[in-house]
Structure formats: structure tokens, C-alpha cells
Amino acid sequence: MTAPSRRASTDAAPLDTWMKYGRCRETDPDLFFPEGRGGAITNALKQAKKVCGTCPVRALCLDWAVTTGQTAGVWGGLDEDERIPLRREHIEQRATGYARCIDAQELIERRVAEGRSHRQIGEELGVCHSAVGRAWRFFEAERQGQAAGEVLAV
Ligand code: SF4
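Just so we're clear, the structure is a prediction, and the values are computed from it rather than from any experiment. (Residues numbered from 1 in each chain as written. Predicted model: local features only at pLDDT ≥ 70, side-chain atom pairs only at ≥ 80, totals over all residues. Heavy atoms only, no water.)

Draft legend 1. Fine view of the pattern of salt bridges. Applying the stated criterion to the full structure yields seven salt bridges. With a closest N to O distance of 2.6 Å, Glu109 and Arg143 form a salt bridge. On the criterion of sequence distance, the pair formed by Glu109 in helix H4 (residues 105–113) and Arg143 in helix H6 (residues 129–153) is long-range, its members being 34 residues apart. Across the salt bridge formed by Glu114 and Arg116, the nearest N and O atoms sit 3.9 Å from each other. Shared partners join several salt bridges into a network, and the residues in it are Arg111, Glu114, Arg116 and Glu124. (Salt bridge = Lys/Arg side-chain N within 4 Å of Asp/Glu carboxyl O. Helix = DSSP H or I, 4+ residues; strand = E, 2+ residues; numbered from the N terminus.)

Draft legend 2. Spotlight on the confidence of the model for the protein chain. Averaged over every residue, the pLDDT of the protein chain is 86; the share at 70 or more is 85%. Mean pLDDT values for the elements of the protein chain range from 81 in H6 up to 97 in H4. Across residues 8–13 the pLDDT falls below 50, and counting only partners more than four positions away or on other chains, this stretch makes 13 contacts in the model. (pLDDT = per-residue confidence, 0-100. Contact = heavy atoms within 4.5 Å.)

Draft legend 3. Representation of the nonpolar core in the model. The biggest cluster of nonpolar side chains holds 11 residues, and these are Cys101, Ala104, Ile108, Ile121, Leu125, Val127, Ala131, Val132, Ala135, Trp136 and Phe139. At the level of elements, helix H5 (118–125) and H6 are the ones that each hand at least two residues to this core. Here this core gets five residues from one element, more than from any other, and that element is H6. (Core = buried A, V, L, I, M, F, W, Y, C linked by side-chain atoms within 4.5 Å. Buried < 20%, exposed > 50% of the residue type's maximum accessible area, 1.4 Å probe, protein only.)

Draft legend 4. Quick peek at the packing of H4 against H5. In the contact formed by H4 and H5, the axes pass within 10 Å of each other and the chain directions differ by 140°. The angle between H4 and H5 falls in the class oblique. As for how H4 packs across H5, the hand of that crossing is right-handed. Where H4 abuts H5, its residues Leu107, Ile108, Arg111 and Val112 lie against Ile121, Glu124 and Leu125. (Axes fitted to C-alpha atoms, helices over the stretch in contact; angles between N-to-C directions. Parallel < 35°, antiparallel > 145°, perpendicular 65-115°, else oblique. Left-handed = near helix turned anticlockwise from the far one by under 90°.)

Draft legend 5. Geometry of the side chain of His90. Position of His90 among the secondary structure elements: in helix H3 (residues 80–103). Those residues in contact with His90 that sit more than four places away from it in its chain are Val66 and Thr67.

Draft legend 6. A look at the packing of helix H2 (residues 58–67) against H3. Orientation of H2 relative to H3, taken along the N-to-C sense of each, is 65°, at an axis distance of 9 Å. Relative to H3, the element H2 lies roughly perpendicular. Of the two elements, H2 crosses H3, and the hand of that crossing is right-handed. Here Leu62, Ala65, Val66 and Thr67 of H2 lie close against H3, whose contacting residues are Arg83, Leu86, Arg87 and His90. Taken together, the residues of the contact of H2 with H3 break down into four nonpolar, two polar and two charged. (Nonpolar A, V, L, I, M, F, W, Y, C, P; charged D, E, K, R; others polar.)

Structure (C-alpha cells):
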């Protein structure tokens, strides 16, 4: 990973601290976002992936790119085409995890009252913590909607 300013994300997703440990910081950033066509691109991608192969934060990088939907460049050793199936899988898992959280509203509210974090609750339910967070925001919005409804009904 190069300096964050050189590796701008495609959707302005936040840049994480692990990036400062990326091997690509010591490498030509153009390798990771090659322009042009044909053999030059293939060579650049090959070299970029080689750098990723020695990177201590490769798994974090790939996970970040998939979860934030990076659509350009090499991240975590994979180019944009290679990340498409992972992205699809992530979206499916996210939808499934969210649905599971919605079904577990009572348990989630109990665990939050006990002081558990979304991460701990996610582990208990076997879903990503972000699914718990989204469901929690939905529950809160629902509660606020109910409260507003109660006020309006008075
Ligand atoms: S895995 Fe590759 S793109 Fe990601 S930080 Fe490491 S060297 Fe950079």
C-alpha cells in the first residue's frame, strides 16, 4: 500500500491504520493502478501482486477492499476482477447476517443491556459485527418511530 493519498479509494471509504504497514508504501504506486492496455498492464499487475505476496497486512488489506467495495486496483494481492466473487459473497453474507440479527432482536437488546459489544454479539450469533450494528440502528429507528407515534397520538 502506498501513502493513502496516492491510493485513493474509489468510493471515498475511510483509510485504515494498517495501511502504513503495507509493502506497497515502498513501491511505485502506478503498479497497483496501472493505466493503458495490454502487456504493460499485465506486467504491472503481476509485479504488484508479487509485492502483496510479501506483505504483512495482506489479509487485512483484502478484507478492507472487499468490505468497502474497492472497484479499482490491486488490493490484498487481487485485482478488481479477482475480487468480484469475494464481493458477491460478502454482500450475500451481509444480507443473511442482517436477517439473522433482525430475527434475534430480543437477544441483541438483552446483550446490549448487559454491556456486550456488537462484535461479541456478532460472534455469538455467527454474523459480522456490522450486521449487528445495522440491525441495532434499525431497532433504534423503530423505537424512535414508535415514540414519535406515541407523541403524535397524544
Ligand atoms: S496487500 Fe498489497 S496492496 Fe495491500 S497493503 Fe499490502 S502491498 Fe499494499
